[in-house]
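# Working through the structure, step by step
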Amino acid sequence: MEPRAARLRKGEGPRGEQEDQCSGGGNTEKDRGLDLVQWTRHMEAVKTQLLEQAQGQLRELLDRAMQEAVQAYPPQGRPLPSIPPDSLNKAREPSLGKQKIFIIRKSLLDELMEVQHFRTIYHMFIAGLCIFIISTLAIDFIDEGRLMLEFDLLIFSFGQLPLALMTWVPMFLSTLLVPYQALRLWARPRAGGAWLLGVGLGGLLLAAHTAVLWVLPIHVALKYQLPPASRCILVFEQVRFLMKSYSFLREAVPGTLCARRGEAMRAPSFSSYLYFLFCPTLIYRETYPRTPYVRWNYVAKNFAQALGCILYACFILGRLCVPVFANMSREPFSTRALVLSIMHATLPGIFMLLLIFFAFLHCWLNAFAEMLRFGDRMFYRDWWNSTSFSNYYRTWNVVVHDWLYSYVYQDGLWLLGGRARGAAMLGVFLVSAVVHEYIFCFVLGFFYPVMLMLFLVIGGLLNFMMHDQHTGPAWNVLMWTLLFLGQGIQVSLYCQEWYARRHCPLPQTTFWGLVTPRSWSCHT
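Residues numbered from 1 in each chain as written. Predicted model: local features only at pLDDT ≥ 70, side-chain atom pairs only at ≥ 80, totals over all residues. Heavy atoms only, no water.

## Thoughts on the overall build of the protein
Looking only at helices and strands, one finds 17 helices and zero strands in the protein. Here the protein, with 524 residues, has 38% of them falling under the buried criterion. When contacts within the protein are restricted to residue pairs at least 6 apart in sequence, those whose partners lie at least 24 apart make up 74%. Carbon together with sulfur atoms contributes 67% to the accessible area of the protein, which is approximately 30,600 Å² in total. (Helix = DSSP H or I, 4+ residues; strand = E, 2+ residues; numbered from the N terminus. Buried < 20%, exposed > 50% of the residue type's maximum accessible area, 1.4 Å probe, protein only. Contact = heavy atoms within 4.5 Å. Areas by Shrake-Rupley, 256 points an atom, 1.4 Å probe, with all protein chains shown as cover.)

## What to know about the nonpolar core
Ranked by internal contacts, the top residues of the largest apolar core, which has 79 residues, are F248, Y288, F357, F374, Y392 and W403. Look past the residues within four positions of F374 in its chain and what remains in contact with it is F102, Y275, C279, P280, T281, Y288, P289, T291, A369 and F379. Among the nonpolar cores identified, the runner-up in size contains 19 residues, and A326, A433, M451 and C495 belong to it. (Core = buried A, V, L, I, M, F, W, Y, C linked by side-chain atoms within 4.5 Å.)

## Quick word on unusual backbone geometry
With phi around 60 degrees, Q160 is a residue other than glycine that occupies positive phi space. Checked against the element boundaries, Q160 lands in the loop between α5 (152-157) and α6 (161-186). Given the relative accessible area of 35%, Q160 is considered partly exposed.

## Thoughts on the environment of Y405
Relative to the helices and strands, Y405 resides in helix α13 (residues 398-416). Given a relative accessible area of 15%, Y405 falls into the buried group. When the C-alpha positions of Y405 and K100 are compared, they lie 9.5 Å apart, and in sequence the two are 305 residues distant.

## Topic: the pattern of salt bridges
Per the stated rule, a full pass over the model turns up nine salt bridges. Linking K100 and D402 is a salt bridge whose minimum nitrogen-to-oxygen distance equals 3.0 Å. Taken together, the positions of K100 in the loop between α2 (15-71) and α3 (108-112) and D402 in helix α13 put the pair 302 residues apart, joining distant regions of the chain. Accessibility expressed as a relative area gives 13% for K100, which makes it buried. Across the salt bridge formed by R240 and E237, the nearest N and O atoms sit 2.7 Å from each other. Of this pair, R240 and E237 both sit in helix α8 (residues 228-257), separated by three residues, roughly a single helical turn. The network of salt bridges with common partners includes R295, E370 and R377. (Salt bridge = Lys/Arg side-chain N within 4 Å of Asp/Glu carboxyl O.)

## What to know about the UniProt feature "transmembrane region" (unreviewed entry) in the protein
Mapped onto the present numbering, the UniProt feature "transmembrane region" (unreviewed entry) falls at residues 121-142, 162-183, 195-218, 303-326, 338-361, 412-431, 438-462 and 474-495. A helix fraction of 100% and a strand fraction of 0% characterise residues 338-361, whose end C-alpha atoms lie 32 Å from each other. Taken end to end, residues 474-495 is 100% helix and 0% strand, and its two terminal C-alpha atoms sit 32 Å from one another. (UniProt positions renumbered as here; feature names shortened; annotations may be inferred.)

## A closer look at the packing of helix α10 (residues 296-325) against helix α11 (residues 335-371)
Running from N to C, α10 and α11 cross one another at 165 degrees; their axes reach a closest spacing of 9 Å. Here α11 runs roughly antiparallel to α10, going by the angle between their axes. Between α10 and α11 the crossing geometry is left-handed. Residue composition of the contact of α10 with α11, by class: 26 nonpolar, six polar and one charged. (Axes fitted to C-alpha atoms, helices over the stretch in contact; angles between N-to-C directions. Parallel < 35°, antiparallel > 145°, perpendicular 65-115°, else oblique. Left-handed = near helix turned anticlockwise from the far one by under 90°. Nonpolar A, V, L, I, M, F, W, Y, C, P; charged D, E, K, R; others polar.)

## Points about the side chain of Q487
Considering the arrangement of structural elements, one finds Q487 in helix α16 (residues 473-503). Excluding its chain neighbours within four sequence positions, the residues that come into contact with Q487 are A345, G349, I350 and L353.

## What to know about the packing of aromatic side chains
Under the definition given, this model contains 47 aromatic pairs. Aromatic pair F172 and F278: ring centres 5.4 Å apart, planes at 55 degrees, arrangement tilted. With F172 in helix α6 and F278 in helix α9 (residues 270-278), this residue pair connects regions lying 106 residues apart in the sequence. Overall, F172 belongs to the buried group, its relative accessible area being 11%. Take F278: its relative accessible area is 32%, and that puts it in the partly exposed class. Judged by centre distance (5.7 Å) and plane angle (75 degrees), the rings of W383 and W384 are edge-to-face. For W384, a relative accessible area of 19% puts it in the buried group. An aromatic cluster of at least three residues, connected via ring pairs, comprises F357, Y380, W383, W384, F389, Y392, Y393, W396, F429, F455, W480 and F484. (Phe/Tyr/Trp six-rings, centres within 6.5 Å; stacked < 30°, edge-to-face > 60°.)

Structure, rendered in structure tokens:
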């Protein structure tokens, strides 16, 4: 006798029992099929997420391994260095003689944008811009009875833009011709008085070039009272040309000085120097890794996103900052009002920080990199994951960090000795803080050392206090909290000083009147 279950599977047994079994089995199989489909989709989603995370971590690990392998490659004729057991624990420590290695790689945000969850965050920022536009239209319609976007702040900020662009032309021509010609003079054969004459003439040309880059934009900005955005263009180009000129000479001159007496050194090609002036890096190399073609739709997209960020910033300033700070200097000073203004400015301040990062370090630099087929797009790293300010300073702006590390930190170690790491790091902070304060002073038109104090004093202390050994999520929360407060302090104090200098002009111009904060005494 076969078991009952076996006979039922063969279709044997009573008709009614067979029909009930078939009906119940069909529903069970259907439910199991649906559960299996859902489980399969869930496992596919988990697999995709794990692969994306593993791919990003593996790419970062391989990039770091490739850089360290290239940097550790010994000169010809020297044996391979031995690796001590604890070297892996010190892999992140900068070493004397370490050089920037360029490889083909995408920007981190471009990689993250391939993930749907991260694209949703990007869409949320676009939705915020739409809300600002709708709010502006609604307020104008209610107050004025018309639908019209006001761009007064944008028009004011970029006033006299043609004059700023005309001033840029002689600055560019000086940078294009003078450093390269000075190098050619120094690259002549080292024999007789002709070489000494060339050295002196090259030095005079570089002195004149430096004077042009320093004096011309300051003269134009003060004489014609350029507004902030036009000043911003001039000061950024001024600093960029100075840093690129120094990098070109710093990388090329040692070869000239090491040439044997009576021999001429082959100077770098002019085309490589011209390419360096436009490519998005401050470290000169005669050749860079290049991509095979240009994606013009990618270029247009990045320029459009940069323009959108500018509009976004204008809406934030116009809606969240101007109504609060425009008349603040007319009210009596109180600690309560100051604290409230700083807290109010934290949100627009962090928005401005994110917009500057995305517009310049991602969109603008990637657009020029794509047009020039520049392969290395690591203009920043994952600074938002930082658990220490030392890591934040290294990853926020990799382009500037590479220049400071190569020509301030490493050269400082070479001059002071390999053990003077603290003094070299202090020199990096000092140079960076002074340049940042100079940029703020140039753009805003007044001296108010908020950035200098935050960057050099508070930032320097946090750099040593919040070091890389702190890796927990609480430290990332603390870093973001301090960033919010720092941006709020900057926006609040600079906005108060801006309006105080317009409400309380000096009866006569004096040195102390120019360097003393007007917001401390202006209460009209």
